[in-house]
Structure formats: structure tokens, C-alpha cells
Amino acid sequence: MIALLMRDLTLATRAGGGFGLGLGFFLILCTLVPFGVGPEGETLSRIAPGILWVGALLACLLSLDRIFALDYEDGSLDLLATAPIPLEGAVLAKAAAHWITSALPLVVAAPLFGLLLQLPRQAVIPLLLSLLIGTPALSMLGAFGAALTVGLRRGGLLLSLLVLPLYVPTLIFGAEATRRGASGMEFTTPLIFLAAITLLTLALIPFAAAAALRINLR
Amino acid sequence: MSIWEYANPVKFMKTSGRVLPWVVGGAALFTVTGLIWGFLTPPDYRQGASVKIMFLHVPAAMMAINIWLMMLVASLIWIIRRHHVSALAAKAAAPIGAVMTVIALVTGAAWGQPTWGTWWEWDPRLTSFLVLFLFYVGYIALWEAVENPDSAADLTGVLCLVGSVFALLSRYAAMFWNQGLHQGASLSVAPGERMSEIYRYPLYLCMIGFFLLFLALLLIRTRTEIRIRRTAALQARETRL
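Residues numbered from 1 in each chain as written. Chains lettered and ligands numbered in written order. Predicted model: local features only at pLDDT ≥ 70, side-chain atom pairs only at ≥ 80, totals over all residues. Heavy atoms only, no water.

Novice: Can you explain the overall build of chain A? Please cite residues and give values.
Specialist: For chain A, the helix and strand inventory stands at 9 helices and 0 strands. In sequence order, the secondary structure elements of chain A are arranged as α-α-α-α-α-α-α-α-α. The C-alpha radius of gyration computed for chain A amounts to 18 Å, which stays within 12% of the reference 17 Å derived for 218 residues, consistent with globular compactness. Its C-alpha atoms give chain A principal-axis dimensions of roughly 55 × 35 × 30 Å. Taking all 218 residues of chain A together, 53% fall into the buried category. Of all intrachain contacts in chain A linking residues separated by at least 6 positions in sequence, the fraction that spans at least 24 positions is 81%. Approximately 9600 Å² of chain A is accessible, and the part contributed by carbon and sulfur atoms is 71%. (Helix = DSSP H or I, 4+ residues; strand = E, 2+ residues; numbered from the N terminus. Rg over C-alpha atoms; globule rule 2.2 N^0.38 Å. Buried < 20%, exposed > 50% of the residue type's maximum accessible area, 1.4 Å probe, protein only. Contact = heavy atoms within 4.5 Å. Areas by Shrake-Rupley, 256 points an atom, 1.4 Å probe, with all protein chains shown as cover.)

Novice: Tell me about the layout of surface pockets, and name the residues and values.
Specialist: Residue and element names in this part refer to chain B. One number sums up the size of the second largest pocket: a volume of about 730 Å³. Among the secondary structure elements, those contributing two or more residues to the lining of the second largest pocket are helix H1 (9-40), helix H2 (54-81), helix H3 (84-116) and helix H6 (197-240). The residue inventory of the lining of the second largest pocket, partitioned by class, reads 19 nonpolar, 6 polar and no charged. (1 Å grid on protein atoms, 1.4 Å probe; cavity = no way out; pocket = protein on both sides within 12 Å on 5 of 7 lines; lining within 4 Å. Points joined across faces, edges and corners; volume = space filled by probe spheres on them. Nonpolar A, V, L, I, M, F, W, Y, C, P; charged D, E, K, R; others polar.)

Novice: With reference to specific residues and values, describe the side chain of His57 of chain B.
Specialist: For His57 of chain B, the location among the structural elements is in helix H2. At a separation of 3.0 Å, a polar atom in the side chain of His57 of chain B contacts the side chain of Thr107 of chain B. (Polar contact = N/O pair within 3.5 Å; in protein donor to acceptor, adjacent residues only side chain to side chain.)

Novice: Got a sec to walk through the environment of Pro202 of chain B? Specific residues and values, please.
Specialist: Residues and elements named next belong to chain B. You can see Pro202 is positioned in helix H6. Pro202 gets classed as buried once you look at its relative accessible area, which sits at 0%. Between the C-alpha atoms of Pro202 and Trp37, which are 165 residues apart in sequence, the distance is 5.9 Å. The contact partners of Pro202, leaving out residues within four places of it in the chain, are Gly34, Trp37, Gly38, Thr41, Phe55 and Glu197.

Novice: If you had to explain helix H8 (residues 155-182) of chain A to someone new, which residues and values would you point to?
Specialist: Residue and element names in this part refer to chain A. In this model H8 runs 38 Å from its N-terminal to its C-terminal C-alpha over 28 residues, within 8% of the 40 Å that 1.5 Å per residue would give. The largest bend in H8 is about 40°, located at Val168, with the proline Pro169 one to four residues further on. The buried count for H8 comes to 22 of 28 residues, which makes it a mostly enclosed element. The first or second residue beyond H8 is Gly184, which carries a positive phi of 75°. (Expected span 1.5 Å × (residues − 1). Bend = angle between axes of the 7 residues up to and from the residue.)

Novice: Report on the interface of chain B and chain A, specifying residues and quantitative values.
Specialist: Contact with chain B, which involves 28 residues of that partner, is made by 30 residues of chain A. Buried area between chain B and chain A, summed over both chains or domains, comes out near 2300 Å², and the portion from carbon and sulfur atoms is 83%. The three residues of chain B that bury the most area against chain A are Leu155, Phe166 and Phe176 of chain B, which together make up 28% of that side's buried surface. The tally of links between chain B and chain A comes to 0 salt bridges. Mapped by element, the contributors of at least two residues to the side of chain B that touches chain A are helix H4 (124-145) and helix H5 (149-177) of chain B. (Buried area = accessible area lost by both parts, 1.4 Å probe. Salt bridge = Lys/Arg side-chain N within 4 Å of Asp/Glu carboxyl O.)

Novice: Outline the pattern of salt bridges, listing residues and values.
Specialist: Residues and elements named next belong to chain A. According to the stated counting rule, one finds 6 salt bridges over all chains in the structure shown. The closest approach of N and O atoms between Glu176 and Arg180, which form a salt bridge, is 3.0 Å. Within this pair, Glu176 and its partner Arg180 are both found in helix H8, separated by 4 residues, close to a single helical turn. Classification of Glu176 by relative accessible area gives buried; the value is 9%.

Novice: Explain the side chain of Ser76 of chain A to me, using residue names and the numbers behind them.
Specialist: All names here are of chain A. As for its position among the elements, Ser76 is in helix H5 (residues 76-82). Using a relative accessible area of 16% as the deciding quantity, one classes Ser76 as buried. Of the polar contacts made by the side chain of Ser76, one reaches the side chain of Asp74; its length is 2.7 Å.

Novice: So, the environment of Ser160 of chain A: which residues are in play, and what are the values?
Specialist: Residues and elements named next belong to chain A. As for its position among the elements, Ser160 is in helix H8. If we skip the residues at most four places from it in the chain, Ser160 touches Leu61 and Pro165. Within the structure, Ser160 has its side chain in polar contact with the backbone oxygen of Leu157 (distance 2.6 Å).

Novice: Summarise the nonpolar core; cite the residues concerned and give the values.
Specialist: Of all hydrophobic cores here, the largest spans 111 residues; its most connected members are Phe68 and Phe144 of chain A together with Ile67, Met71 and Leu142 of chain B. Counting residues per element, this core draws most heavily on H8 of chain A, which supplies 12 residues. Leu20, Ala27, Ala216 and Ile226 of chain B belong to the second largest nonpolar core, which has 11 residues in total. (Core = buried A, V, L, I, M, F, W, Y, C linked by side-chain atoms within 4.5 Å.)

Novice: A description of the packing of aromatic side chains should follow, citing residues and the corresponding values.
Specialist: Residue and element names in this part refer to chain B. In the structure shown here, the tally under the stated rule is 6 aromatic pairs over all chains. Seen from their ring centres, Trp68 and Phe135 are 6.0 Å apart, and the 55° between their planes marks the pair as tilted. Here Trp68, found in helix H2, pairs with Phe135, found in helix H4; they are 67 residues apart in sequence, far enough to count as distant. Since its relative accessible area comes to 6%, Trp68 is described here as buried. Between the aromatic rings of Trp68 and Tyr136, the centroid separation amounts to 5.3 Å while the plane-to-plane angle is 75°, which identifies the pairing as edge-to-face. Here Trp68, found in helix H2, pairs with Tyr136, found in helix H4; they are 68 residues apart in sequence, far enough to count as distant. The exposure class assigned to Tyr136 is buried, which follows from its relative accessible area of 0%. Ring pairing ties together the aromatic residues Trp68, Phe135, Tyr136 and Tyr139, which thus form one cluster. (Phe/Tyr/Trp six-rings, centres within 6.5 Å; stacked < 30°, edge-to-face > 60°.)

Right, here's the structure in full:
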């Protein structure tokens, strides 16, 4: 599993586009929002928590179809399925690689983008914490969606349709934690719910995703 | 003699063909009687005549949730026991459920306008129905996208399982996120919250009617799916010869 993780990380960094793409998308989104809603600082700081979370969600979505599609095309997914590690473990490793390459940079850069959107200073810590706790769930659910659509020719659009409804609870709790932090309220309750969702996906999704992969490889 | 006998397509076609006229007749009888009776009820003292939307709204909303549950059970049966009729029934139910969700949303909007003064409110109940609709759309899209019918049944089954967990989660997350405007359950057993009898009885009729309507549509659609499957099998045999 570690070897698989390392391999995916190397591939993502060397193939180009994988690492920076999500970040670039996030930056563009944060640039476009003020054009759309107007540059008033008050409005921006009020909607910043939601925008940042939705942006992270969409940036995550952007790189989802890379999780399994490339390996499916060149046949290495078949090898993974027959490898000594269970397919569930492979799913976990691949989701982890996706999280490290596309979600972790977002988490690190989010305070910076928060600056662009006039995010109140006291919301930075809850934003960081909620993204750190919540984004693994996004990667796991995304891996499930990618596993469902791996054999399809035009899977990308379908993938977003399947995955975005699954993201709803994560988004609600993540944005809620940030919003509460922004208005100076206590924000541990939504964070705990967020952690619960992440743990739930970590425990259940590998099985569902592996089942979907086995069906697609049959 | 067990219930699994009906998993045999031939047996299913025969029985459902015999039952179907009765179900269709019952659905028409209950729905039409319930709706007309509901339409003739006196206007509510607070909501006026708009209360009559309830006779369409409540049964549709009830069916929208229950059809997803039925799809969940059918998907489980397919995944565990691999009965084709079960998978086809789940496939046939999804568009009906999506339409029921749309009916509930649209009638809800038409009802909300005069009573709450707004067509749409980001209320937990309304929002979770919108999410439910998205789940239906995703489920139907996945069925359409996968070519091999058995793989499609498997994949949508897995999606239905995961989707059920997350539809439930969204529901409770939405309640956490926003306190609602929507009233409580229409059929509360708590005294004092109960509806007046003049509204309750036609509502019961409409609920039975909508359930039978769903059953009739489900049987018709499942039979069509089985026939499509048979035609495809026959065509495949023709080309092989």
C-alpha cells in the first residue's frame, strides 16, 4: 500500500498538471467571485466561508477522474486487482494519494485565498481545521464515484452528478464550522460531525469502491 | 411455495399480468375519489382553499421517499440473491420516484407561495427533497450510461446503498444547518396536532391511491423492461445464427 501510494504521488508530480491544477482552479474561482457579487468587503467576508468550501469541493472534483482512469486504460488496474493486497487497500491508497496531491495543497493555501475574500481573521483556524478534517471524506467519496464510472467513456460529467449529492453533508458541516468561527461562535460541534463523516467514509467507502471496481473489471 | 418464486420472469409476467388490471382499476378509483373528495372539502380557516394542494402534495412526498426505500430493498435483493426481476424493478421504479419528487417540489412551491409568501425557502425538508431528486437523477443517469445490463444493475445497486446512507445524512445535516419553515408531519398521532377528520379521510384515500398508482406504474414498467430484455436476447440469438 505504501509503495502504491508513493507510486501515485510520483506519477502525479511528474506527469504535470495534477498538482497545480486544483490550486489554479481554486484561485480563479476566488478571483471570479468578487466580480460576480461585487467587491464590498462586508458582503465578501460574509460569504467567504461558503465560497471557500464550495471552491475546495469543486477543485477536488476536478481531479477525481484521474484516480482510476489512467490505470484502467493502461491495464495496471487489472494488476492491482490481482495483487496480494486487497483491492480495498488499493482504493484507500489511491484515495490517500488523491488527497495528498489535490486536497492538501488546498488546505495549505486556503488561508491565503481567505485573505482575497476578506475572511475574518478568527475564521482562519476553523477553516483550516474543517478543511483538514473534511477533505479526506471528499477524496474517499470521489474515489467511490471514480470507481463507479471508470469504465465509461464520458464518465466525467456523470461523475460530478453522482458525487456532488454525496458531498452535501460534508459541505454543510464544513461551511457551518467556518461560519461559526467567523462570527466568533464555538465551532467544535460541526467539526465533530465532520470528523464522524470522514471516519464513516474511511470505514465504508473502500468496500463500496472496491466492489464497484470489481464489477467494472469483470 | 415461497416469495422467491416471483423472481422467475415467466412466473412474474404471468402473475403480474393477471393482477395488473385490478391494480390499475384500484389506483384510478382511489386516486380519483380521493382527489375529488379532497377538492370538495371546505377551505381551511387559516390557509384558505390552498389547503387542497395537500391531497396531491402529501401522498407524492410520501411516495418519493418510499420509492427510494423500495429501490434500496430491490437492490439488496439483486446484490445478495441475483434475481433479475428485482434489479429491473429497481430500474423501473427510479423514474417514477423522480417524478413523485418533482410533483412534491412543484406542489410544495405552489402551496408555499400563498401560505409562506415564497416559492422556495432553503428549509431542511425542501432541501433534502431537492437532494433526493439529485440522487434519483444520478441513479437514472448511471443506469443509462453503463452498457452491460448486469454491470449496470450491480453498479446502480452499490450506488443505491451508498446513496441511501448519504441521503439520510443530508437530511439530518440539513436540519442542523437551518431551522425550518415547513410544518411538522401531516399525520401526527399526538393529540392536538391532528388534522380534522374532514381532511384526514380523503387524504388517506389519496395515499392509498398514490400507492396503487405507483404499484401499477411499477408493474407496467417492469414488464416492459423484461420484454425489452427478451427482445434483446432474441435479437442476439438471431445475429448469432
